[in-house]
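One letter stands for each residue in the lines below.
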Amino acid sequence: MPFAIALLVLLIEFTPAHVGYTVPLLVATPALAVVTMGPKGTLAAVGAAVGVSLATATYNQVWGSQQVYTNFLALFLVSAASFMTSSAARTRRENELNHVRRSATAAQEVLLRPVPARLGPVRASSMDLAAETGAQIGGDLYDVVQTRYGVRMIVGDVRGKRRTRRR
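As the structure is a computational prediction, the values presented were derived from the model and not from experiment.

Draft legend 1. Representation of helix H2 (residues 28–36) in the model. When we look at burial in H2, the residues that qualify are Thr29, Pro30, Ala33 and Val34. The buried side chains of H2 occupy one side of the element, clustering within an arc of 130° when seen end-on. Every exposed residue of H2 that faces more than 90 degrees away from the buried side is listed here: Val35 and Thr36. Packing partners of the buried residues in H2 comprise helix H1 (2–13), helix H3 (38–59) and helix H4 (66–111). Gly38, located one to two residues past H2, shows a positive phi value of around 80°.

Draft legend 2. Up close: the packing of aromatic side chains. By the definition in use, this model includes three aromatic pairs. Ring centres 6.3 Å apart and planes at 50° place the aromatic pair Trp63 and Tyr69 in the tilted group. You can call Tyr69 partly exposed: its relative accessible area is 46%. Put simply, the rings of Trp63, Tyr69 and Phe72 pair up and form one aromatic cluster.

Draft legend 3. Geometry of the pairing of strand E3 (residues 140–147). In terms of strand pairing, E3 meets strand E4 (residues 150–157) through eight bridges, oriented antiparallel. Opposite Thr147, over in E4, you have Gly150 as the bridge partner. If you look at the hairpin formed by E3 and E4, you'll find two residues sitting between the two strands.

Draft legend 4. Molecular detail of the side chain of Ser79. Turning to its location among the elements, Ser79 is positioned in helix H4. Relative accessible area serves as the criterion here: at 6%, Ser79 is assigned to the buried category. A polar atom in the side chain of Ser79 sits 2.7 Å from the backbone oxygen of Leu75. With sequence-adjacent residues up to four places away left out, Ser79 is seen in contact with Pro30 and Val46.

Draft legend 5. Fine view of the packing of H1 against H3. In contact at an axis separation of 10 Å, H1 and H3 are set at 5° when each is read in the N-to-C sense. In this view, H1 runs roughly parallel relative to H3, as classed from their interaxial angle. Seen from H1, the contacting residues are Pro2, Phe3, Ala6, Val9, Leu10 and Glu13; seen from H3, they are Gly41, Ala44, Ala45, Ala48, Val52, Thr56 and Tyr59.

Draft legend 6. Geometry of unusual backbone geometry. Even without being glycine, Gln61 reaches a positive phi, approximately 50°. Tracing the chain through its elements places Gln61 in the loop between H3 and H4. Of the residues examined, Gln61 reaches a relative accessible area of 71% and is grouped as exposed.

What counts and what doesn't
Residues numbered from 1 in each chain as written. Predicted model: local features only at pLDDT ≥ 70, side-chain atom pairs only at ≥ 80, totals over all residues. Heavy atoms only, no water. Buried < 20%, exposed > 50% of the residue type's maximum accessible area, 1.4 Å probe, protein only. Helix = DSSP H or I, 4+ residues; strand = E, 2+ residues; numbered from the N terminus. Arc of directions from axis to C-beta. Contact = heavy atoms within 4.5 Å. Phe/Tyr/Trp six-rings, centres within 6.5 Å; stacked < 30°, edge-to-face > 60°. Pairing = 2+ DSSP bridges. Polar contact = N/O pair within 3.5 Å; in protein donor to acceptor, adjacent residues only side chain to side chain. Axes fitted to C-alpha atoms, helices over the stretch in contact; angles between N-to-C directions. Parallel < 35°, antiparallel > 145°, perpendicular 65-115°, else oblique.

Here it is in structure tokens:
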């Protein structure tokens, strides 16, 4: 959407029939980009807005007017606020995700006790690797215990894989 606004303003400003000054619409591009595109997209949207503003001010020969400088000031202020908002939101999301990961890891460590190296005549070891890239916990369960009937083991996959048939 931010780039569509920049393109629309560019098209309107470069047509000979344009009547109004549509460049102030570009101020919305960083604010829209921060919501949908993240920091890099916001930077690209700011670059596009500044580029369109420079091109239209030059094409329409309006350099030196208060309206052009007011537009650049507004674009700068909204861009700065957008960057701060984007950075704060990303930091908050990362902190929340780290908290959830720490909680899940702690819960898994409580539930999945370390397997003893030896149980009677059986040597054992375990390793739990999450299938998802970047995940620190998995969906498996395991345990090994010595009973009066011998060593008992359980291994389970909590998350089954769904198969779909194509017709």
